Amino acid sequence: MISKKEVERLADMTRIAMTDDELAKFAEDLNEILDRLMGLAEVDTQDVDTTYQAAPLEEATREDVITSSLPAEEVLKNAPEAVDGYFRVPRIVD
Amino acid sequence: MKLCNLPAHRLIEMLSTKEISAEELAQDLLRNIQAREDQVKAYITIDDAENILAKAKAADAKRDGASEPFLGLPMAIKDNICTTELPTTCASKMLEDYHSPFAATVCEKLEQAGLIFVGKTNLDEFGMGSSTENSAFYPTHNPVDPTRVPGGSSGGSAAAVAAGEAIWALGTDAGGSVRQPAAFCGVVGLKPTYGRLSRYGLISFAPSFDHIGLLTRDVADCALLLRLLAGHDPLDATSSRSKVADYPNALGKEIAGLTVGVPAEFLQSNLQGEIKGAIHDAIQALKDAGAVVQEISLPHLGHGPSAYYALSCAEASSNLGRFDGVRYGLRDESAQDVTTMFKNTRRQGFGPEVKRRILTGAMVLVKERREECYLKAVKVRQLIKEDFHRVLDDVDLILGPTTPTTAFKLGTTNLDPALVYDADRFTVAANLAGVPAMNLPFGFDGAGLPIGLQLIGRPFGEETLFQVGSFLEECAGSGKNI
């Protein structure tokens, strides 16, 4: 069972502010989803390898050479706030 | 028939012999958008008519016989693939004003080939959904029946191609997001092999599942477009170096002697009668032409949706961490400290389905559940992959339905989340296994809604999909057996 308290923890971990009503609604949803996911328990996976990729990956190395990158102003143009070539955010430490 | 409803390969012929100009084609398409877009709402952004016409004129001036066949063809791009001229929103308030500083590799290839981007198409926010109703802006309507959904998440792209609002379109497919809307709207939809198309510039939600896919009027167009876009890209570490075939050569090739497998699990499951009927008709047509059709078994298929949901949400919860109000997109300006800013920004920027999936991802990844949910799903994925590889050793191709039903009504999915979960039942398997899969329109149900067959091939075996797809397309077109 996923409690409202647990949803609160998950929402905090994933940095999403939520009202009490939202927490209750998502608790319902997550319980329904978890019920379905627990259906996987019936599959025998005792000797199965863990696989994280659908396709065998090829070696993706390259020569370590310097290439051009985006100009800083292009990188910063979508930033909500930028100062002196940096991203600006609200206070982090007191 | 209007120009804007013709397949690209016909238009390419007409353009190269100067029977028509790119400007006439663009005008025809823009008139059609004017007439239909209010009802269909396929696009989030449409470029200015002037700009589109100027590009078409430039294409006409540049044209020199058939040397650059794609010059001046107007097409659409799903709005989670980066373009530089037009904004890229992912149908999310989070990226409502985002203008990418770089273009996706596939978009660069298209522009170099002279194609014109008409606009960016609607989707379920960040690609999460199967009806395009999860767009933060508005739902798209199915051009065949506007009371019904176009499918999703590439619903805008499928609707644009079906309505004659684009000659062809790019979509993305993490669990069926190209094939399912293609089936609902009656167009061809291809999810190529994992690694076949570069994903650089695709705003990813689940990287081990995400693919760029193609939505076209017919199989021949699909083969042409894949040949143009396929190939290794140093900017995408998962893109493959395997040889790009001359895909159009596979069209119309003799199918006698090919072996086609039909999974028992597909036909035994709860499936709309007319779709089952279409599969039987296709089987008969294949047999009549000398193909060998045999029943096969993919025993773990039924667990595909759960494995997909657990893993794709896990990946999404980590992937969407980048949307924090720092580097791009929305920011809550009221917060006094950075953590509150993150939390408020994500609260305002993400819609309910995106939040649900992020929370689900966190739920399956936390220490207490990692083993029984996440790692379990990883192993089930491996079993499904092995099922496919075993079966594809014996058969050249797998045939089945793309969807359990034809297009459903708008407004019904939010009432029953299980409906959407099940809508992906036949498509997620190909993403779990990384194999190529294509939707092929094959007749209509009693309500006049398109039925889609799904063809699934060996890794990098897209040619077989085109070979058998073009044969079945001809059967459907001639009314033979259906």
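Residues numbered from 1 in each chain as written. Chains lettered and ligands numbered in written order. Predicted model: local features only at pLDDT ≥ 70, side-chain atom pairs only at ≥ 80, totals over all residues.

Secondary structure assignment for chain B yields 16 helices and 11 strands. In summary, chain B has a C-alpha radius of gyration of 21 Å against a globular reference of 23 Å for 482 residues, a match within 12%. Along the first, second and third principal axes, the C-alpha set of chain B runs to 70 × 55 × 45 Å. Here chain B holds 482 residues, and the buried ones make up 62% of them. Counting only contacts in chain B whose residues sit at least 6 apart along the sequence, the fraction spanning at least 24 positions is 75%. (Helix = DSSP H or I, 4+ residues; strand = E, 2+ residues; numbered from the N terminus. Rg over C-alpha atoms; globule rule 2.2 N^0.38 Å. Buried ≥ 20, exposed ≤ 12 C-beta atoms within 10 Å, placed from the backbone. Contact = placed C-beta atoms within 7 Å.)

With that out of the way, let us pick up the overall build of chain A. Along chain A, the regular secondary structure elements total three helices and two strands. Mapped in sequence order, the helices and strands of chain A form the string α-α-α-β-β. A globule of 94 residues ought to have a C-alpha radius of gyration of about 12 Å, yet chain A, at 23 Å, is considerably larger. Dimensions along the principal axes, computed over C-alpha positions, put chain A at roughly 55 × 45 × 25 Å. Relative to its 94 residues, chain A shows a buried fraction of 15%.

So, on to the interface of chain B and chain A. With 58 residues of chain B in contact, the opposing surface of chain A contributes 45 residues. Of all elements in the fold, only α10 (304-319), α11 (338-349), α12 (352-365), α13 (367-394) and α15 (428-433) of chain B reach the threshold of two or more residues within the side of chain B that touches chain A. Considering each element in turn, the side of chain B that touches chain A owes the most residues, 11 residues, to α13 of chain B. Here the side of chain B that touches chain A is built from residues that sort into 30 nonpolar, 15 polar and 13 charged. (Nonpolar A, V, L, I, M, F, W, Y, C, P; charged D, E, K, R; others polar.)

Let us look at α10 of chain B. With 16 residues, α10 of chain B should reach 22 Å at 1.5 Å per residue; the first-to-last C-alpha distance of 22 Å fits that figure. For α10 of chain B, the buried fraction is high: 14 of the 16 residues fall into the buried class. (Expected span 1.5 Å × (residues − 1).)

Turning next to the environment of Gly 189 of chain B. All names here are of chain B. With respect to the helices and strands, the residue Gly 189 is situated in strand β5 (residues 188-191). The exposure class assigned to Gly 189 is buried, which follows from the 36 C-beta atoms found within 10 Å. Here Gly 189 is in contact with Ala 158, Val 178, Arg 179, Pro 181, Ala 182, Gly 213, Leu 215, Met 438 and Asn 439, once residues within four sequence places are set aside.

On to the pairing of strand β6 (residues 212-216) of chain B. Along any regular strand, the residues point their side chains to alternate faces of the sheet. Residue and element names in this part refer to chain B. Along β6, five of the five residues are buried, which leaves the element largely enclosed by surrounding structure. Inspection of the sheet shows strand β4 (residues 169-172) paired to β6 by four bridges, in the antiparallel sense. Paired with Leu 170 across the bridge in β6 is Leu 214. (Pairing = 2+ DSSP bridges.)

As a further point, take the sheet that holds strand β11 (residues 450-456) of chain B. Residue and element names in this part refer to chain B. Reading across the sheet, the 11 strands line up as β1-β3-β2-β4-β6-β5-β10-β11-β9-β7-β8 and stay open at both edges, with mixed pairing between neighbours. What marks the edges here is a single partner per strand, and that holds for β1 (43-46) and β8 (292-296). Averaged over all adjacent pairs, the angle separating strand axes in this sheet is 30 degrees, with direction ignored. Pairing geometry for β5 and β6, over three bridges, is antiparallel. Residue pairing in the sheet places Leu 190 in a bridge with Leu 214 of β6. The sheet contacts of helix α5 (residues 155-162) involve β1, β2 (74-78), β3 (116-121), β4, β5 and β6, and relative to β4 the element is tilted by about 155 degrees. (Axes fitted to C-alpha atoms, helices over the stretch in contact; angles between N-to-C directions.)

Residue and element names in this part refer to chain B. The geometry of α10 relative to α12 is characterised by a closest axis approach of 7 Å and an angle of 105 degrees between their N-to-C directions. Taken together, the axis directions place α10 and α12 in an arrangement best described as roughly perpendicular. Between α10, through Ala 310, Cys 313, Ala 314, Ala 316 and Ser 317, and α12, the contact on the second element is made entirely by Arg 357, Ile 358, Thr 360, Gly 361, Ala 362, Val 364 and Leu 365. (Parallel < 35°, antiparallel > 145°, perpendicular 65-115°, else oblique.)

This part is about the confidence of the model for chain B. Low pLDDT marks regions whose predicted coordinates should not be analysed in detail. Across chain B, the average pLDDT comes to 95, with 97% of residues at 70 or higher. Taken over the whole predicted complex, pTM reads 0.97, whereas the ipTM for its chain interfaces reads 0.95. (pLDDT = per-residue confidence, 0-100.)

All names here are of chain A. The geometry of helix α1 (residues 4-13) relative to helix α2 (residues 20-37) is characterised by a closest axis approach of 9 Å and an angle of 100 degrees between their N-to-C directions. Relative to α2, α1 is oriented roughly perpendicular. Residue-level contacts link Lys 4, Val 7, Glu 8 and Ala 11 of α1 to Leu 23, Ala 24, Phe 26, Ala 27 and Leu 30 of α2. Looking at the contact of α1 with α2, its residues break down into seven nonpolar, no polar and two charged.

Right, let's get into unusual backbone geometry. The amide bond that connects Gly 152 of chain B to the next residue, Ser 153 of chain B, takes the cis arrangement and shows omega of 10 degrees. Here Ser 153 of chain B is to be found in the loop between β3 and α5. Although it is not a glycine, Asp 84 of chain A adopts a positive phi angle of roughly 50 degrees. Assessed through the 5 C-beta atoms surrounding it within 10 Å, Asp 84 of chain A is described here as exposed. Residues other than glycine seldom take positive phi values, yet Phe 126 of chain B does so here, at roughly 55 degrees. Mapping Phe 126 of chain B onto the fold places it in the loop between β3 and α5. Of the residues examined, Phe 126 of chain B has 30 C-beta atoms within 10 Å and is grouped as buried.

What follows covers the pairing of β3 of chain B. Residue and element names in this part refer to chain B. Burial runs high along β3: six of the six residues are buried. With five bridges connecting them, β2 and β3 associate as parallel partners. Pairing of Ala 76 across the sheet is with Gly 119, part of β3. One crossover worth recording links β2 to the parallel β3 by way of helix α4 (residues 105-112), and it is right-handed. (Right-handed = clockwise from strand over helix to strand, strands pointing away.)

Residues and elements named next belong to chain B. Counting residues in each nonpolar core, the largest one holds 170 residues, and the members touching the most others are Met 75, Trp 168, Ala 169, Ala 223, Ala 310, Leu 455 and Leu 472. Residue contributions to this core peak at nine residues, all from α13. Ignoring sequence-local partners within four residues, the contact set of Leu 455 consists of Leu 397, Leu 399, Ala 437, Met 438, Leu 440, Leu 465, Val 468 and Gly 469. (Core = buried A, V, L, I, M, F, W, Y, C linked by C-beta atoms within 7 Å.)

Moving on, we come to the environment of Arg 425 of chain B. Residues and elements named next belong to chain B. Inspection of the secondary structure puts Arg 425 in the loop between α14 (417-423) and α15. Since 22 C-beta atoms lie within 10 Å of it, Arg 425 is described here as buried. Beyond its immediate stretch of four places on either side in the chain, Arg 425 contacts Pro 305 and Pro 404.

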